[in-house]
Structure formats: structure tokens, C-alpha cells
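Understanding the architecture of this molecule
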Amino acid sequence: MAARELRAVFSRLRRTLREKGQAASGLTPSQTAVLSRLITDGPASASALAAAERVRPQSMAATLAVLEGHGLVVRRPDPGDGRRQLVGLSETGLSWIADSRRAREEWLARAFQEDFTEVERATVLAALSLLDRLNRR
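What counts, and where the lines are drawn
- Residues numbered from 1 in each chain as written.
- Predicted model: local features only at pLDDT ≥ 70, side-chain atom pairs only at ≥ 80, totals over all residues.
- Heavy atoms only, no water.
- 1 Å grid on protein atoms, 1.4 Å probe; cavity = no way out; pocket = protein on both sides within 12 Å on 5 of 7 lines; lining within 4 Å.
- Points joined across faces, edges and corners; volume = space filled by probe spheres on them.
- Helix = DSSP H or I, 4+ residues; strand = E, 2+ residues; numbered from the N terminus.
- Nonpolar A, V, L, I, M, F, W, Y, C, P; charged D, E, K, R; others polar.
- Core = buried A, V, L, I, M, F, W, Y, C linked by side-chain atoms within 4.5 Å.
- Buried < 20%, exposed > 50% of the residue type's maximum accessible area, 1.4 Å probe, protein only.
- Phe/Tyr/Trp six-rings, centres within 6.5 Å; stacked < 30°, edge-to-face > 60°.

**Here we look at the layout of surface pockets**
Roughly 510 Å³ of volume is contained in the largest pocket. Elements with a minimum of two residues in the lining of the largest pocket: helix H1 (2–22), helix H5 (91–115) and helix H6 (118–135). A class-by-class count of the residues in the lining of the largest pocket yields 14 nonpolar, 1 polar and 1 charged. Space inside the second largest pocket adds up to approximately 340 Å³. Lining the second largest pocket we find 17 residues, and of these Arg-18, Thr-32, Ala-33, Ser-36 and Arg-104 sit closest to its centre. Contributions of two or more residues to the lining of the second largest pocket are made by H1, helix H2 (29–41) and H5. Looking at which element gives the most residues to the lining of the second largest pocket, the answer is H2, with 6 residues. Residue composition of the lining of the second largest pocket, by class: 7 nonpolar, 5 polar and 5 charged.

**Remarks on the nonpolar core**
By size, the foremost hydrophobic cluster in this structure holds 16 residues, and its most contacted members are Val-34, Leu-35, Leu-38, Leu-49, Leu-64, Leu-67 and Val-73. For this core, the secondary-structure elements that each account for two or more residues are H2, helix H3 (46–53), helix H4 (57–69), strand E2 (81–89) and H5.

**Some details on the packing of aromatic side chains**
Within a pair of aromatic rings, the relevant descriptors are the distance that separates the centres and the angle that separates the planes. Under the definition given, this model contains 1 aromatic pair. Residues Phe-112 and Phe-116 carry aromatic rings whose centres are separated by 5.4 Å and whose planes lie at 50° to one another, so their mutual orientation is tilted.

What follows is the structure, encoded as C-alpha cells:
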């Protein structure tokens, strides 16, 4: 029962944080997932992104078209194979990610400060070290 509740709480918190980061952008979860993958893994081909996100190449092409339209990603020739193109984050995309992270952190900090007592905040912080140990398992 504890495992189920823990998973449910983390899923809801993750969803809320995702929504706070996306709120002003108008991007879909699929579009933000691609941006997150690019910041984590670096530039990739459209087919590699489709495989990593487990979507059809046509769906990835549509997602990338929207991201390109917003100026969040750019295509560049693959230095290892001039016939291919790699998709990477643009300066605007990097800025969007930084702004999204800042919005999520500000929301979390404000909620943590406003909705929890000092004792509750200390309890949550203590629990975080235990959860981190679980994560390292």
C-alpha cells in the first residue's frame, strides 16, 4: 500500500510540475518531452528522437515542425554523415528550458513556504534524504 501511494503522489507532483513549466508556453507534453530529451542527450536525428520517444517518424516530424516554428530547435548537418541532419536546441530553446525550470522551482518554493509549517518543511526535507537513498538503490 505504501509503494502504491508513494508512486501516486510522485506521479501527481510530476504532472503538476510539468503543467507549471508548460503553462505559458502552449506546448504539448510531447513537444516538451523532445526539448527535455535534447537538453539531456544532445542533438539527435529525427529518427533517433522518434525511436527514443516511441512515436512514429511522421509524428516526430510534426512535433519538430512545431518546435522549429517556435524557434526552439534548429537542424544542422551531421558532422559524421553530411546526408543526415541533427536536431538541436536553439538559443531560444535553451532559454525556454531555463524559464520553464525557473517557473517550476518558483512555484514549488512558494507552495512549500506558504502551505507548510516550519516543522512540516523539516519533515519533508528529512524524508527527501530517505527517498534519495531509495533512488540510489
